[in-house]
Amino acid sequence: MNYNIELTDICKSFGNLCAAKHISISAHKGVIALLGPNGAGKSTLMNMIAGFITPDCGCIKIMNTDICQHPLECKQNIGFLPEGSPLYADMSVKAFLDYVGALKNANRQQISQAIDTAQIKNVLSQKIETLSKGYQRRVGFAQSILTNPPILLLDEPTDGLDPNQKEHIQKVIRKMGAKKTILISTHLLDEAETIADRIIIMHKGTIMADGTLTHILHQSKSLDLAEAFKKLTSK
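Quick look at the structure, then. Along each chain, numbering runs from 1 in the same order as the chain's sequence is written. Restriction of local features to residues with pLDDT of at least 70 applies here, the model being predicted, together with a cutoff of 80 or more for giving and counting side-chain atom pairs; totals for whole chains, interfaces and linings are based on all residues. Calculated side-chain values reflect all of the structure's heavy atoms, with hydrogen atoms and water omitted.

1. Focus: the sheet that holds strand E1 (residues 5-14)
Link 1 in the chain: Only when DSSP finds a minimum of two bridges between them are two strands counted as paired. A helix here means a DSSP run of H or I that spans at least four residues, while a strand means a run of E at least two residues long, and both kinds are numbered starting from the N terminus. Spatially, the four strands line up as an open sheet ordered E2-E1-E4-E5, and their pairing is antiparallel. Each of the sheet's edge strands pairs with one partner strand only, and the pair in question is strand E2 (17-27) and strand E5 (65-66).
Link 2 in the chain: Taken together, the seven bridges between E1 and E2 define a ladder with antiparallel strand orientation. Each residue of the ladder has a partner; that of isoleucine 10, found in E2, is isoleucine 23.
Link 3 in the chain: We call two residues contacting when some pair of their heavy atoms lies within 4.5 Å. Lines are fitted to the C-alpha atoms to define the axes, a helix being fitted only along its stretch in contact, and any angle between axes, read from their N-to-C directions, falls within 0 to 180 degrees. Lying on the sheet, helix H1 (residues 42-50) is in contact with E1, E2 and strand E4 (57-62); it crosses E1 at an angle near 125°.

Dropping the structure here:
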């Protein structure tokens, strides 16, 4: 089977800290929730898949292409919303999306579609630095989907959003998951339960569980995801 994302025996250390220990993941279409306590290695893993951090060993393939050997080709297939999205705070929302769109060769229709999907049309003329955290997050989400890439990596995509905004973005992610591979990192267990087809729980750079919610509950002998998370990440 051809996978959109394929990680084989990935390792990464920062000094004495091991952020990824022999991680292997294969993913086709669907929404995958990446869970774990702070320091579990979630953001490091996302950054390695995105091509911003090079693993110490192992192989990462994007659409069957090695990202270490062909980084530009692979990155064209990825939309990435990093933690604390690095927006240009002094630019207006419109100027920022036009700039990123030019870098990604997005056409006007794609930019307009991303604006509508993220529901940010009413703040296009505002400088990013004047926006609330929730709106800044939605601007970051808009830039990640500009060219309709087959893979989305979303680090805390609903962070700072109010309940209505959160529900909207979750519905968008869920709908997109029918045609894309979407990996979201989140601290919200209910979010993982609501939108994920598959859940991966990490702890200290290691994958502790990987499967559907039903599979993880059965494997950990837990009544709910909160109990499973506690059991798997408290060792």
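Let's pick the thread back up.
2. Let's talk about the sheet that holds strand E10 (residues 206-211)
Link 1 in the chain: Strand order in the open sheet formed by six strands is E6-E7-E8-E3-E9-E10, and the pairing between neighbours is mixed. Lying at the two open borders of the sheet, with one neighbouring strand each, are strand E6 (78-81) and E10. Adjacent strand axes in the sheet meet at a mean angle of 15° when their direction is disregarded.
Link 2 in the chain: Of the pairings in the sheet, the one linking strand E3 (residues 30-35) to strand E9 (residues 198-203) comprises four bridges and is parallel in character. Across the sheet, leucine 34 pairs through a bridge with isoleucine 200, a residue of E9.
Link 3 in the chain: In the packing of helix H6 (residues 163-176) onto the sheet, the strands contacted are E3, strand E7 (151-155) and strand E8 (181-185), and the crossing angle to E8 comes to about 145°.
Link 4 in the chain: In this fold helix H9 (residues 225-233) packs onto E3, E9 and E10, with an angle of close to 30° to the strand it touches most, E9.

3. Some words on the environment of lysine 235
Link 1 in the chain: Mapped onto the fold, lysine 235 is located in the segment after H9.
Link 2 in the chain: When the C-alpha atoms of lysine 235 and histidine 203 are compared, they prove to be 8.7 Å apart, with 32 residues separating the residues in sequence.
Link 3 in the chain: Lysine 235 has contacts with His203 and Lys204, leaving out every residue within four places of it along the chain.

4. So, the nonpolar core
Link 1 in the chain: The set of buried Ala, Val, Leu, Ile, Met, Phe, Trp, Tyr and Cys residues whose side-chain atoms join them within 4.5 Å is what this entry labels a nonpolar core. Each residue gets one of three labels from its accessible area relative to the maximum for its type: buried under 20%, exposed over 50%, partly exposed in between, using a 1.4 Å probe on protein chains only. Ranked by size, the top nonpolar core spans 46 residues in total, and within it Val93, Ile120, Phe141, Ile173, Ile199 and Ile201 carry the most contacts.
Link 2 in the chain: If we skip the residues at most four places from it in the chain, isoleucine 199 touches Ala33, Leu35, Ala192, Ala209, Asp210, Gly211, Leu213, Ile216 and Leu225.
Link 3 in the chain: Among the nonpolar cores identified, the runner-up in size contains 26 residues, and Leu34, Met48, Cys74 and Ile200 belong to it.

5. Observations concerning the pairing of E10
Link 1 in the chain: Direction of pairing for E9 relative to E10: antiparallel, over a ladder of five bridges. Each residue of the ladder has a partner; that of isoleucine 200, found in E10, is aspartate 210.
Link 2 in the chain: Where E9 hands over to E10, the hairpin turn is made up of two residues, of which lysine 204 adopts a positive phi near 55°.

6. Section: the packing of helix H5 (residues 133-144) against H6
Link 1 in the chain: For the pair H5 and H6, the least separation of the axes is 12 Å and the interaxial angle reads 15°. With respect to their mutual orientation, H5 and H6 come out roughly parallel. Two packed elements cross with a definite hand, and for H5 against H6 that hand is left-handed. In this structure, H5 uses Gly134, Tyr135, Arg138 and Phe141 to contact H6, whose residues at the interface are Gln165, Ile169, Val172 and Ile173.
Link 2 in the chain: Per-class residue counts for the contact of H5 with H6 are five nonpolar, two polar and one charged. Orientation labels follow simple angle bins: below 35 degrees gives roughly parallel, above 145 gives roughly antiparallel, 65 to 115 gives roughly perpendicular, and whatever is left gives oblique. We call a crossing left-handed when the near helix sits turned anticlockwise from the far one by less than a right angle, and right-handed when that turn is clockwise. Side-chain classes are defined by residue name, with Ala, Val, Leu, Ile, Met, Phe, Trp, Tyr, Cys and Pro counting as nonpolar, Asp, Glu, Lys and Arg as charged, and the others, Gly among them, as polar.

7. A word on unusual backbone geometry
Link 1 in the chain: Residue glutamine 119 is not a glycine yet carries a positive backbone phi of 55°.
Link 2 in the chain: Residue placement: glutamine 119 occurs in the loop between helix H4 (108-118) and H5.
Link 3 in the chain: One non-glycine residue with positive phi stands out, namely lysine 204, at about 55°.

8. Digging into the packing of helix H3 (residues 93-103) against H5
Link 1 in the chain: The geometry of H3 relative to H5 is characterised by a closest axis approach of 10 Å and an angle of 25° between their N-to-C directions. Comparing their axes, H5 and H3 come out roughly parallel. When you trace H3 past H5, the crossing you get is right-handed. On H5, the residues touching Val93, Phe96, Leu97 and Val100 of H3 are Val139, Ala142 and Gln143.
Link 2 in the chain: Partitioning the contact of H3 with H5 into residue classes produces six nonpolar, one polar and no charged.

9. Some remarks on empty space enclosed by the protein
Link 1 in the chain: Every definition here rests on a 1 Å grid over the protein atoms only: cavities are sets of points where a 1.4 Å probe fits but cannot get out, pockets are open sets enclosed by protein on both sides within 12 Å along at least five of seven lines, and lining residues have some atom within 4 Å of a point. Grid points are joined across faces, edges and corners, and a volume is the space filled by probe spheres set on the points. In the structure shown here, the tally under the stated rule is one cavity of 30 Å³ or more.
Link 2 in the chain: Around the largest cavity sit Ile5, Leu7, Ile25, Ala27, Ile32, Ile49, Leu183 and Ile200, which together line it.
Link 3 in the chain: Looking at the lining of the largest cavity, the elements that each hand over two or more residues are E1 and E2.
Link 4 in the chain: A breakdown of the residues in the lining of the largest cavity according to their chemical character gives eight nonpolar, no polar and no charged.

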